[in-house]
Amino acid sequence: MDDRFNTIAGWVLFAGIVALGGSILSTELFKSHEVHGGYPVEGAAEEGGAAAAEEPFVVYMAKADAAKGEQVFKKCTACHNADQGGANALGPNLWGIMGEPVGKGHGFAFSPALAGKGGTWTFDSLSEWLSSPKKFAPGTKMTFAGLSKPEDRANVMAFLNTKGSNLPIPAAPAAGAEATDDAAAKAGSGTGDGPQKAENEPVLTEQQAAKGGTKNIGGEGAAKLTGPDATKKP
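Residues numbered from 1 in each chain as written. Predicted model: local features only at pLDDT ≥ 70, side-chain atom pairs only at ≥ 80, totals over all residues. Heavy atoms only, no water.

A. Local environment of the overall build of the protein chain. When its secondary structure is counted, the protein chain shows 10 helices and two strands. Walking the protein chain from its N terminus toward its C terminus, one meets helices and strands in the order α-β-β-α-α-α-α-α-α-α-α-α. Element-wise, carbon and sulfur atoms account for 58% of the exposed surface of the protein chain, whose accessible area totals about 16800 Å². (Helix = DSSP H or I, 4+ residues; strand = E, 2+ residues; numbered from the N terminus. Areas by Shrake-Rupley, 256 points an atom, 1.4 Å probe, with all protein chains shown as cover.)

B. Quick look at the side chain of Asp 152. If you trace the backbone, Asp 152 turns up in helix H8 (residues 150-161). Here Asp 152 is buried and forms no salt bridge, its nearest opposite-charge partner Lys 75 lying at an N-O distance of 4.5 Å. Contact partners of Asp 152, with chain neighbours within four places excluded, come to Val 72, Lys 75 and Leu 147. (Buried < 20%, exposed > 50% of the residue type's maximum accessible area, 1.4 Å probe, protein only. Lys, Arg positive; Asp, Glu negative; His and termini not counted. Salt bridge = Lys/Arg side-chain N within 4 Å of Asp/Glu carboxyl O. Contact = heavy atoms within 4.5 Å.)

C. Layout of the packing of helix H6 (residues 123-131) against H8. Following both chains from N to C, one finds H6 and H8 inclined at 125°, their axes separated by 10 Å at the closest point. As the angle between them shows, H6 and H8 are arranged oblique. Once H6 is placed against H8, the crossing between them reads as right-handed. Taken together, the residues of H8 that come into contact with H6 (itself represented by Phe 123, Leu 126, Ser 127, Leu 130 and Ser 131) are Arg 153, Val 156, Met 157, Leu 160 and Asn 161. Its residues assigned to classes, the contact of H6 with H8 shows six nonpolar, three polar and one charged. (Axes fitted to C-alpha atoms, helices over the stretch in contact; angles between N-to-C directions. Parallel < 35°, antiparallel > 145°, perpendicular 65-115°, else oblique. Left-handed = near helix turned anticlockwise from the far one by under 90°. Nonpolar A, V, L, I, M, F, W, Y, C, P; charged D, E, K, R; others polar.)

D. The arrangement of the nonpolar core in detail. Grouped together as the largest cluster of nonpolar side chains are 25 residues, with contacts concentrated most on Phe 73, Trp 121, Leu 126, Trp 129, Met 157 and Leu 160. Secondary-structure elements contributing two or more residues to this core are helix H3 (57-62), helix H4 (66-73), H6 and H8. Among the elements that make up this core, the one with the highest residue count is H8 (five residues). Leave out the neighbours within four places in its chain, and Phe 73 touches His 80, Asn 81, Ala 82, Leu 94, Val 156, Phe 159 and Leu 160. (Core = buried A, V, L, I, M, F, W, Y, C linked by side-chain atoms within 4.5 Å.)

E. Representation of the environment of Ala 87. Secondary-structure assignment places Ala 87 in the loop between H4 and helix H5 (112-115). Separated by 20 residues in sequence, Ala 87 and Gly 107 place their C-alpha atoms 9.7 Å apart. Contact partners of Ala 87, with chain neighbours within four places excluded, come to Asn 81 and Asn 93.

F. Up close: the environment of Ala 78. The residue Ala 78 is located in the loop between H4 and H5 in this model. Separated by 11 residues in sequence, Ala 78 and Ala 89 place their C-alpha atoms 8.4 Å apart.

G. Examining the packing of H4 against H8 more closely. One can describe the packing of H4 onto H8 by two numbers: an axis separation of 7 Å at closest approach and a directional angle of 100°. Taken together, the axes of H4 and H8 are roughly perpendicular relative to one another. Side by side, H4 and H8 meet where Ala 66, Lys 68, Gly 69, Glu 70, Val 72 and Phe 73 of the first sit next to Asp 152, Asn 155, Val 156, Ala 158, Phe 159 and Leu 160 of the second. Of the residues in the contact of H4 with H8, the class split is seven nonpolar, two polar and three charged.

Take a look at the structure:
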């Protein structure tokens, strides 16, 4: 009877040790992983990193490729065409679109949101529209989500510009021009809010002024006085 009891007690003790060891091991294992929603996700830190900042859009336009833009435009052909004299489809015909009034013409029934936007289709305004139609004109009937890459927007506009528009492509700013302008502005503006103290200029304290003015000023910037002391009474 005692042997059986000792055997059972031994197995219970062994099971407890195994469970404790497993708990410690699993805790250390999960500490070494970033956990999202209860499951470790590899590369989570990389996905959460900040997106690369975009350059001014004029830079992308200066490098735009109309041939690549024609390939991008294939995403638009379900609703549009850019053929001269082409018929409207779900969206308007886009021949000659660059430089035209926003939401006007082509015999197309534009939504009030876009028709009331105002302005013309420039490279900048069309870039905003292609980036996010719903943000550019809230309430628009356009269901396209947009082109997130500025390179794609620039390329498709370069393609559309060859379709009855031919607006001059803006040139990219000269390298270093922005930095030079900033440096010149800082140099011209100065850093002080008022008159600046010259080097070695003496400073007269209230106590010195009360005791006799300039005769109490010393140092390299002190005035060189000659003749009798004007502060003394005869």
